[in-house]
Amino acid sequence: GAGVSQTPSNKVTEKGKYVELRCDPISGHTALYWYRQSLGQGPEFLIYFQGTGAADDSGLPNDRFFAVRPEGSVSTLKIQRTERGDSAVYLCASSSTGLRPLGLVADTQYFGPGTRLTVL
Amino acid sequence: QQQVKQSPQSLIVQKGGIPIINCAYENTAFDYFPWYQQFPGKGPALLIAIRPDVSEKKEGRFTISFNKSAKQFSLHIMDSQPGDSATYFCAASYIISGATNKLIFGTGTLLAVQP
């Protein structure tokens, strides 16, 4: 596809369960980002991948959250022992390189439609 | 301080009006300021972006004004149309070791353009 895709579009789970959210970035994009958007708020950074490696995971709220990108393309965000406070829209974005030499403009991040996670 | 403050929370204008959305930041290390537009059920999409060495940037009906000394920037939408009704987010980022374009977003402004 031409854009970033995310599956599922909606996920309802019960407190304490494990969930996986998938992101397919734009083909050829080496940088991939996960954000979380709570109702009425702006997206909040979670983690950034450069290729297969997590270059910055400073936004992950706790050790229940984990993300992988084993082949440098598709990424999966994993949430263990879900809590009601985890309910939000999880957004994935990709960009061409993610690299930004000093003085140059950052390359555009293209967002997917998000996965709406509801924890009952 | 990572926060980007955005106002107003919501805005209603008539068709043809010029809505203005304002953002302020504290971290002087920020050096890239994009604006995103988000429709319900969709992800944010980049509208326009500016660097702090420029005071104004215009793309079509969208203009960013940037005041580096005040650490403020704003989005103006000229000749607004009902199709512009959406949520608008300002954001900021800075370099970490030449990489990581992680974006710090404002809280959003819900714009309604009445016909």
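In the block above lies the structure referred to throughout.
Note that the structure is a prediction, hence the values are computed from the model and not measured. (Residues numbered from 1 in each chain as written. Chains lettered and ligands numbered in written order. Predicted model: local features only at pLDDT ≥ 70, side-chain atom pairs only at ≥ 80, totals over all residues. Heavy atoms only, no water.)

## Re the overall build of chain A
For the record, the criterion: Numbering of helices and strands starts at the N terminus; helices are DSSP runs of H or I of at least 4 residues and strands are runs of E of at least 2. Think of it in three bands: residues with accessible area under 20% of the maximum for their type are buried, residues over 50% are exposed, and the middle band is partly exposed, with areas taken using a 1.4 Å probe on protein chains only. Should any heavy atoms of two residues lie within 4.5 Å, those residues are counted as being in contact. The Shrake-Rupley method, run with a 1.4 Å probe sphere, supplies the accessible areas, and residue values consider only the shown protein chains as cover.
When helices and strands are tallied, chain A shows zero helices and 11 strands. In terms of principal-axis extent, the alpha carbons of chain A reach across some 45 × 30 × 30 Å. Of all 120 residues assigned to chain A, the portion counted as buried reaches 47%. The contacts of chain A with a sequence gap of at least 6 include a subset with a gap of at least 24, amounting to 57%. Surface exposure of chain A reaches about 5700 Å², of which carbon and sulfur atoms provide 51%.

## A look at unusual backbone geometry
A cis amide bond links Thr7(A) to the next residue, Pro8(A), at an omega of -10°. Residue Pro8(B) is bonded to the preceding Ser7(B) through a cis peptide linkage, with omega at -5°. In this fold, Pro8(B) is placed in the loop between strand S1 (4-7) and strand S2 (10-14). Phi is positive for Arg81(A), which is not a glycine, with a value near 45°. In this structure, Arg81(A) sits in the loop between strand S8 (75-79) and strand S9 (88-95). Look at Lys71(B): it is not a glycine, yet its phi comes out positive at around 55°. As for its position among the elements, Lys71(B) is in the loop between strand S7 (62-67) and strand S8 (72-77). Given a relative accessible area of 23%, Lys71(B) falls into the partly exposed group.

## Considerations on the pattern of salt bridges
We apply this condition: Each salt bridge in this description consists of a side-chain nitrogen of Lys or Arg and a carboxyl oxygen of Asp or Glu lying within 4 Å of one another.
Counted by the stated rule, this structure contains eight salt bridges over all chains. The closest approach of N and O atoms between Asp56(A) and Lys102(B), which form a salt bridge, is 3.8 Å. You can see Asp56(A) sitting in strand S6 (residues 53-56) and its partner Lys102(B) sitting in the loop between strand S9 (86-92) and strand S10 (104-105), one on each of two chains. With respect to burial, Asp56(A) and Lys102(B) carry one shared label: buried. Salt-bridge contacts for Arg64(A) lead to Asp86(A); the nearest nitrogen and oxygen are separated by 2.8 Å. Note that Arg64(A) is positioned in the loop between S6 and strand S7 (65-68) and Asp86(A) in the loop between S8 and S9, a separation of 22 residues in sequence.

## Concerning the pairing of S7(B)
Residues and elements named next belong to chain B. Let me state the cut-off plainly: Only strands joined by at least two bridges in the DSSP assignment are considered to pair.
By the bridge criterion, four bridges tie strand S6 (residues 56-59) to S7 in an arrangement that is antiparallel. If you follow Glu-56 over to S7, its bridge partner there is Ser-65. What sits between the antiparallel neighbours S6 and S7 is a turn of two residues, in which Gly-60 has the positive phi angle 60°. Bridge count for S7 against S8 is six bridges, and the pairing is antiparallel. Each residue of the ladder has a partner; that of Phe-62, found in S8, is Ile-77. Between S7 and S8, which pair antiparallel and follow one another directly, the connecting turn spans four residues, one of which, Lys-71, has a positive phi of 55°.

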